[in-house]
Amino acid sequence: MNFASDNVMGASPQVLQALLRANDGPLPAYGSDPITRAVERRLAELFERELTVALVATGTAANALALSLLTPPWGICLCHREAHVMEDECGAPEFYTHGAKLVGLDGVGAKVKADDLESYLRGLTSHVRQMPPKALTISQANECGLVYSTEQIAALSDVCHRHGLRLHMDGARFANALVALGSSPAEMTWRSGVDILSFGATKNGCLAAEAIVVFDPELARTLEYRRKRSGHTLSKGRLLAAQLEGYLANDHWLDNARHANRMATRLAQGLRSLPGVRLAWPTEANEVFPILPRSMDAALKSAGAVYHPWSGASLAPGEQVRADEILVRLVTSFATCEEDVRRFLSIAEAAASKAGA
Ligand SMILES: Cc1ncc(COP(=O)(O)O)c(C=O)c1O
């Protein structure tokens, strides 16, 4: 019963088989191989347009390199104050941009709202002392498991573009958000005004593979140099491409995400129906955030369940976690088995009955 994250599992068999196939024989190095070309074509097909792709092994590298294309050292990159780029990347965006400043905005459920963005931008001066805002990055699905609708993305990109900012999407959980919305990759990105995407694959079935997808060729001019200079150009580039080849074939990535989301929905429904349990935010993709009685948390932990406590900083106004409660995060993945979900819920149910007895 490991719900600690969607990166606690290894890779899916389809991805491993693709890696094995790619392992045979000599191929050109540094991403000049036919598998990399085929993945670039496949992504262009999926996104229904020409694009520039650079493959990397981590989400942090994808985000930091992407943001370095958008924000000069004297610029501001906006995000939610609980965003992964802000809290969990050890300053990589600031490092890769050579000193740009990340500024975190408030918002319930780790979501940036277009109105808040507009009023923040209107409050800035254009004096030389003021670092100019250059980019906004949003996570899809986000750190509280919420998904931006295409209308919300379009509203944010509209504000960004009117004020001269570019929009980046951290898609570490891109597939989970996509199947949740029932949208197309094009609609959820460039048709809604996204300029650069970190297309995550590691959490949803790969071992370590992410794609930086740039929709505007002008923005991508320096990407290859930045990737090499930062040590993220693999000499055996086929190993990144092969993972994505297996991941994208036969809708495997979408099937994986649907499974993960289904498991999360089941967990959410089961937990919500128990006395004393409520959800901090709705379950929209593959993350569940229940507020549990501490006695239930102890019963689950002693039965071997693994998950992390979570911050309540983005709770809705009026909502709070009492001293006898704990807010936790449960993440499901392509490899979550139904039996683990069933067991987790039956332990939680037994703990709820005991508390009510
Ligand atoms: C929202 C978000 N972005 C990006 C990442 C990618 O991080 P990593 O550098 O660990 O691959 C993660 C992983 O936890 C994440 O949750």
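So, how was this worked out
- Residues numbered from 1 in each chain as written.
- Predicted model: local features only at pLDDT ≥ 70, side-chain atom pairs only at ≥ 80, totals over all residues.
- Heavy atoms only, no water.
- Domains from an automatic or database assignment.
- Contact = heavy atoms within 4.5 Å.
- Buried area = accessible area lost by both parts, 1.4 Å probe.
- Salt bridge = Lys/Arg side-chain N within 4 Å of Asp/Glu carboxyl O.
- Polar contact = N/O pair within 3.5 Å; in protein donor to acceptor, adjacent residues only side chain to side chain.
- Helix = DSSP H or I, 4+ residues; strand = E, 2+ residues; numbered from the N terminus.
- Near = heavy atom within 4 Å.
- Areas by Shrake-Rupley, 256 points an atom, 1.4 Å probe, with all protein chains shown as cover.
- Axes fitted to C-alpha atoms, helices over the stretch in contact; angles between N-to-C directions.
- Parallel < 35°, antiparallel > 145°, perpendicular 65-115°, else oblique.
- Left-handed = near helix turned anticlockwise from the far one by under 90°.
- Nonpolar A, V, L, I, M, F, W, Y, C, P; charged D, E, K, R; others polar.
- Buried < 20%, exposed > 50% of the residue type's maximum accessible area, 1.4 Å probe, protein only.
- Pairing = 2+ DSSP bridges.
- Expected span 1.5 Å × (residues − 1).

Asker: Which parts of the structure should I look at to understand the domain arrangement of the chain?
Answerer: It is common to report an interface's size as the accessible area lost on association of the parts. Under the domain assignment used here, the chain contains domain 1 (13-250) and domain 2 (253-356). The C-alpha-based centres of domain 1 and domain 2 are spaced at 29 Å. Residue-level contacts link 30 residues of domain 1 with 26 residues of domain 2. A buried area of about 2,000 Å², summed over both sides, lies between domain 1 and domain 2, and 56% of it is on carbon and sulfur atoms. On inspection of domain 1 and its partner domain 2, the count reaches one salt bridge. In this structure, Arg173 engages Glu287 in a salt bridge whose closest nitrogen and oxygen atoms are separated by 3.6 Å. Linking domain 1 to domain 2 there are eleven residue pairs in polar contact (both at pLDDT 80 or more). Counting only elements with at least two residues in the side of domain 1 that touches domain 2, the list comes to α8 (174-181) and α11 (238-248). Counting residues per element, the side of domain 1 that touches domain 2 draws most heavily on α8, at six residues.

Asker: It is not clear to me how the site of the ligand should be interpreted in this structure. Could you clarify?
Answerer: As a matter of local geometry, the ligand sits amid Thr58, Gly59, Thr60, Asn63, His84, Glu89, Glu143, Asp170, Ala172, Arg173 and Lys203. Take Thr60: an N or O atom from its side chain is 2.5 Å from an oxygen atom of the ligand. The side chain of His84 places a nitrogen or oxygen atom 3.3 Å from an oxygen atom of the ligand. Computed on the free molecule, the ligand has an accessible area of 390 Å², of which 79% lies beneath the protein chains in the complex. Counting residues per element, the shell around the ligand draws most heavily on helix α3 (residues 59-70), at three residues.

Asker: Would you take a moment to explain the packing of helix α12 (residues 252-272) against helix α14 (residues 338-356) for this structure?
Answerer: For any two helices packed against each other, one specifies the inter-axial angle together with the distance between the axes. As a packed pair, α12 and α14 sit with axes 10 Å apart at the nearest point and diverge in direction by 10 degrees. What the angle tells us is that α12 and α14 run roughly parallel. Of the two elements, α12 crosses α14, and the hand of that crossing is right-handed. When α12 is examined against α14, the residues Met263, Arg266, Leu267, Gly270 and Leu271 are found in contact with a partner set consisting of Glu338, Val341, Phe344, Leu345 and Ala348. Here the contact of α12 with α14 is built from residues that sort into seven nonpolar, one polar and two charged.

Asker: It is not clear to me how the pairing of strand β6 (residues 196-200) should be interpreted in this structure. Could you clarify?
Answerer: In summary, the side chains of a regular strand alternate between the two faces of the sheet. Along β6, five of the five residues are buried, which leaves the element largely enclosed by surrounding structure. With burial as the criterion, each face of β6 is covered, one bearing Ile196, Ser198 and Gly200 and the other bearing Leu197 and Phe199. Alignment of strand β5 (residues 166-171) against β6, held across four bridges, turns out to be parallel. Residue pairing across strands places Asp170 opposite Ser198, the latter belonging to β6. Pairing analysis gives five bridges linking β6 to strand β7 (residues 210-214), with the strands arranged antiparallel. Looking across to β7, one finds that Gly200 is bridged to Glu210.

Asker: What is the right way to read α3 from this model?
Answerer: Given 3.6 residues to a turn, an α-helix orients residues that are three or four positions apart in the same direction. When the terminal C-alpha atoms of α3 are compared, their 17 Å separation across twelve residues agrees well with the 16 Å that a helix rising 1.5 Å per residue should span. Most of α3 sits out of view: ten of its twelve residues are buried. The set of residues buried in α3 consists of Ala61, Ala62, Asn63, Ala64, Leu65, Ala66, Leu67, Ser68, Leu69 and Leu70.

Asker: Help me understand the sheet that holds strand β2 (residues 76-80), please; the structure alone is not making it clear to me.
Answerer: Each strand in a sheet pairs with another by means of backbone hydrogen bonds, the pair being arranged parallel or else antiparallel. An order of β1-β7-β6-β5-β4-β2-β3 is seen for the seven strands of this open sheet, with the pairing classed as mixed. Each edge of the open sheet is held by one strand with a lone partner, namely β1 (52-56) and β3 (101-105). Across the sheet, the axes of successive neighbouring strands diverge by a mean angle of 20 degrees, strand direction being ignored. Pairing between strand β4 (residues 133-139) and β5: five bridges, direction parallel. Counterpart to Ala135 in the pairing with β5 is Arg166.

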